[in-house]
Each structure stands twice: as C-alpha cells, then as structure tokens.
Amino acid sequence: MSRGLASYACFPEQSRGRRYEEPAPQMRTAFQRDRDRIVHCSAFRLLEYKTQVFINHQGDLFRTRLTHSLEVAQIARSLARNLRVNEDLVEAIALAHDLGHTPFGHAGQDELNACMREFAPAAGGFEHNLQSLRIVDELEARYARFNGLNLCFETREGILKHCSRRHAQQLGAVGERFLNHTQPSLEAQITNLADEIAYNNHDIDDGIRSGLLTVKQLCELPLFLRHYEQVMAAYPEVQGRRLVAEIVRAMINTLVVDLTETTRDNLQRVAPGDVDDVRQAGPLVSFSPQMRAQATELKQFLMENLYKHYKVMRMTTKARRIVRELFVAFMDEPRLLSQDYRHDDALLQARAIADYIAGMTDRYAISEHRQLFVM
Ligand code: MG
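## Describing the overall build of the protein chain
At step 1: Of regular secondary structure, the protein chain possesses 18 helices and zero strands.
At step 2: The principal-axis extents of the C-alpha atoms in the protein chain amount to approximately 65 × 50 × 35 Å.
At step 3: For the protein chain, with 375 residues in total, the buried portion stands at 55%.
At step 4: Residue pairs at least 24 apart in sequence account for 72% of intrachain contacts in the protein chain once pairs closer than 6 positions are excluded.

See the structure below:
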C-alpha cells in the first residue's frame, strides 16, 4: 500500500470516499480514476480557450487556463514526489483547480460576482473556486447514475481552495474546514503553492513576450535580479527569449527547492503521523520566510505592472462589459436561453445564467455577445 509514500500522505485505500458509492477501479487507484475523469470531462477541454492574463486570441504562445493547469500539475508532481506524498492526487487537483474559471480570467469572475450580488443578492455571488467544485459535483453530465464526476473527498477538498462561511455551511464535509479552521491534506496545500509558482513565473514570461514588461524593469526585484546575474555569469552572450527562459526556469527551480526544504523541516518538527494529523496542524507546506517575502514582492510587482497595465486594463474592461451585458440580457429575458438553462424560480434562474456564462470560452462569449447585440 505504501508505494514509498510517507505515512502522512493521502492513500487512496483510505479515502473518505465518493458521494455515490462505486466499486473500486481495476488496475488503477481511486485518485488515478479521478485524474482520468477530469481529463475526459467537457469543462477540461474548455480550458484551452479561456484567458489566463491575455485573451486567447491575442497570441498563440501565451498561457491559457489549460497550459497553466498543466504547468501547475508538473510543479505539483515534482513537489509531491520530493515530499513523498500522492502524485496522482496532486495531479487530479491541479488539473481541476481552474475548471470553474469564467471567460476572460479574473476580470470575468469579478464581474460575474458583481452581477450575481446585484441581481440575485440571496444567491451568494460567484466564486470561481466554488464553481470548480460545482462543475465536478453537479454540472458535468456524463454518468447515468449521478450528476458530476463523483470524485473522492480528497480531490474535492483540494479543489475547494477558498470558500466563504456562508457557502461552507451548505457544502457538508468538504466545507467543514472553513468553519473549524483546519487545514486540507498536504497534497492540497502543495497544489495551492504550485499554482502560485506557476503563475508568477509564466506571467513574467508572457509579460516580457507581450512587450508589457522588460527584463530591465524586472531587475528591480531581488528574486529576479539574482537569477538574471547567475544566468549572465554562466552565459554572458545569452539574450532575448533564451535569456528569459533561462531566468524563469532557474527561478522555478529555486522556488521548488525552497518549498521542498522548508516543508521537510516543518514536517520533521510537527511529525504528523497521518493525514488527520496534517489536517489538525497549521499550514505545513510553505516557503522559507525570506522566499515568502520575495514571492509576495513578485506578486505585487505583477499586479502593479502587468495586471494593471493600461493595455491589459483595456482588455479587462471590455471583458467585464461583455460579461455584464450578457448577464443582464439573459436576466431580462430568460427566453433568450435554451430550455436547459430556464427555471421558474428566480434564484435558480440567476444561478443557471451564471453557470452558462462561466462555462463560456473567451471566443464563445465574444460571439454570443455579438449575436445578442449586433444586428
Ligand atoms: Mg490557477
């Protein structure tokens, strides 16, 4: 059973189970089955055409939600292997963690949240994390016996990264930790930080590729500068895309090594015997304090200089307008929607509209908007 895993890993044989009981899989573990179900679902395929920072059609080389999720899975698997916890589980969580994202990245989700709060205050807004869980629990329609993908508790626990108290109260076991302030498994904690490592680094890469950030400007950041100097010392002639790629790969490595070493120390100090001890302890997966500070500084830099760059703001403002106008048009006239999305109950109707819009890719939202608003 151990497969070389530490006692504090998640073991599929000891899973807290699925919402609907199913026979154990043959020739693969319960977490491998979860990963496979995620890769085969419709929401996963939509990730290819959803924005990370740059709208999908702005350039073929920019990250999309799909390539972002694959990078998260890669980093999370390395960390899981280093820490002797379950690689299949981190992979499943990583591939599902962004399924609930709206078109147009954070701009889309913020606007959909604002619309839900204004037009259906009792519905409790829109949270992309909760939407990822809603997709795997309710919205995927692939099985005769149940809605959703019927994933294991541990996978669902990892997908639900944040959650408001209000929603946590309605979610049963998977919401409990937001009420009693316990932690999720190490696999969930790892995937959460792998997500941060992935987006900080690929957004630097995409930011430079787009021309909105420069290497010189990034050298204001000690974390970036240190790696820039290391690369230049080793390869004084290197420049352009190769220089950026060398810096980014070295930074990812530094962050992964720091996270691994700090977490190993934490595990040694706390010595959890099993995953329940992990859930009762404080957060165990962490960067060293110095690296945490530098990673936070990098995050703030990207916020100021990339996500709030005027060229990105022009795109996100347009995106928000599209999401709002779609939402309002459907709320005013639900008969614009196909029968599957119509409800007599006002709250269910608002939620169905949010589900419909959240499920759109960037290009689908743009074409739907054009169809509704242009003669
Ligand atoms: Mg992500």
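What follows picks up the thread again.
## Thoughts on the packing of aromatic side chains
At step 1: Tallying each qualifying case throughout the model produces six aromatic pairs.
At step 2: Seen from their ring centres, Tyr20 and Phe146 are 5.5 Å apart, and the 10 degrees between their planes marks the pair as stacked. Taken together, the positions of Tyr20 in the segment before α1 (30–40) and Phe146 in the loop between α6 (128–139) and α7 (153–159) put the pair 126 residues apart, joining distant regions of the chain.
At step 3: A ring pair is formed by Phe119 and Phe327, whose centres lie 5.7 Å apart and whose planes are at 55 degrees; its orientation type is tilted. Note that Phe119 is positioned in helix α5 (residues 105–119) and Phe327 in helix α16 (residues 310–332), a separation of 208 residues in sequence.
At step 4: Members of the aromatic cluster, joined through ring pairs, are Phe330, Tyr341, Tyr356 and Tyr364.
At step 5: Over the aromatic face of Phe153 sits the side chain of Arg16, whose NZ or CZ is 4.0 Å from the ring centroid.

## Structural notes on the coordination of the magnesium ion
Working reference: metal with six octahedral donors, ideal angles 90 or 180 degrees; metal with four tetrahedral donors, ideal angle 109.5 degrees.
At step 1: Protein ligation of the magnesium ion involves His68 (NE2), His97 (NE2), Asp98 (OD) and Asp195 (OD), the donor distances falling in the range 2.1 to 2.6 Å.
At step 2: Mapping the donors of the magnesium ion onto the primary sequence gives the spacing H-x28-H-D-x96-D. In this pair, His68 sits in helix α3 (residues 65–82) while Asp98 sits in the loop between α4 (87–96) and α5, placing the two residues 30 residues apart along the sequence.
At step 3: With a relative accessible area of 1%, His68 lands in the buried category.
At step 4: Owing to a relative accessible area of 3%, Asp98 belongs among the buried residues under this scheme.

## Focus: the packing of α3 against α4
At step 1: Across the interface, α3 lies against α4 with an axial gap of 8 Å and an inter-helix angle of 160 degrees. By the criterion of interaxial angle, the relationship of α3 to α4 is roughly antiparallel. Note on packing geometry: the crossing formed by α3 with α4 is right-handed. Contacts from Ser69, Leu70, Val72, Ala73, Ala76, Arg77, Ala80 and Arg81 of α3 reach α4 at Glu87, Val90, Glu91, Ala94 and Leu95.
At step 2: Along the lines of polarity and charge, the residues of the contact of α3 with α4 split into eight nonpolar, one polar and four charged.

## Structural notes on the packing of helix α12 (residues 222–234) against helix α15 (residues 289–307)
At step 1: Closest axis-to-axis distance for the α12/α15 pair is 8 Å, and the angle between their directions is 100 degrees. Taken together, the axes of α12 and α15 are roughly perpendicular relative to one another. Residue-level inspection shows Pro222, Leu223 and Arg226 of α12 in contact with α15, the latter providing Met291, Gln294, Glu297 and Leu298.
At step 2: Residues belonging to the contact of α12 with α15 are distributed by class as follows: four nonpolar, one polar and two charged.

## Details of the side chain of Asp205
At step 1: Positionally, Asp205 belongs in helix α10 (residues 186–210).
At step 2: Assessed through its relative accessible area of 7%, Asp205 is described here as buried.
At step 3: Excluding residues that lie within four positions of it along the chain, Asp205 makes contacts with Arg63, Arg241, Val244 and Val248.

Scoring rules and cut-offs
- Residues numbered from 1 in each chain as written.
- Predicted model: local features only at pLDDT ≥ 70, side-chain atom pairs only at ≥ 80, totals over all residues.
- Heavy atoms only, no water.
- Helix = DSSP H or I, 4+ residues; strand = E, 2+ residues; numbered from the N terminus.
- Buried < 20%, exposed > 50% of the residue type's maximum accessible area, 1.4 Å probe, protein only.
- Contact = heavy atoms within 4.5 Å.
- Phe/Tyr/Trp six-rings, centres within 6.5 Å; stacked < 30°, edge-to-face > 60°.
- Lys NZ or Arg CZ within 6 Å of the ring centre and 35° of its normal.
- Donors = N, O, S within 2.8 Å, 3.2 Å for Na, K, Ca; no water.
- Axes fitted to C-alpha atoms, helices over the stretch in contact; angles between N-to-C directions.
- Parallel < 35°, antiparallel > 145°, perpendicular 65-115°, else oblique.
- Left-handed = near helix turned anticlockwise from the far one by under 90°.
- Nonpolar A, V, L, I, M, F, W, Y, C, P; charged D, E, K, R; others polar.

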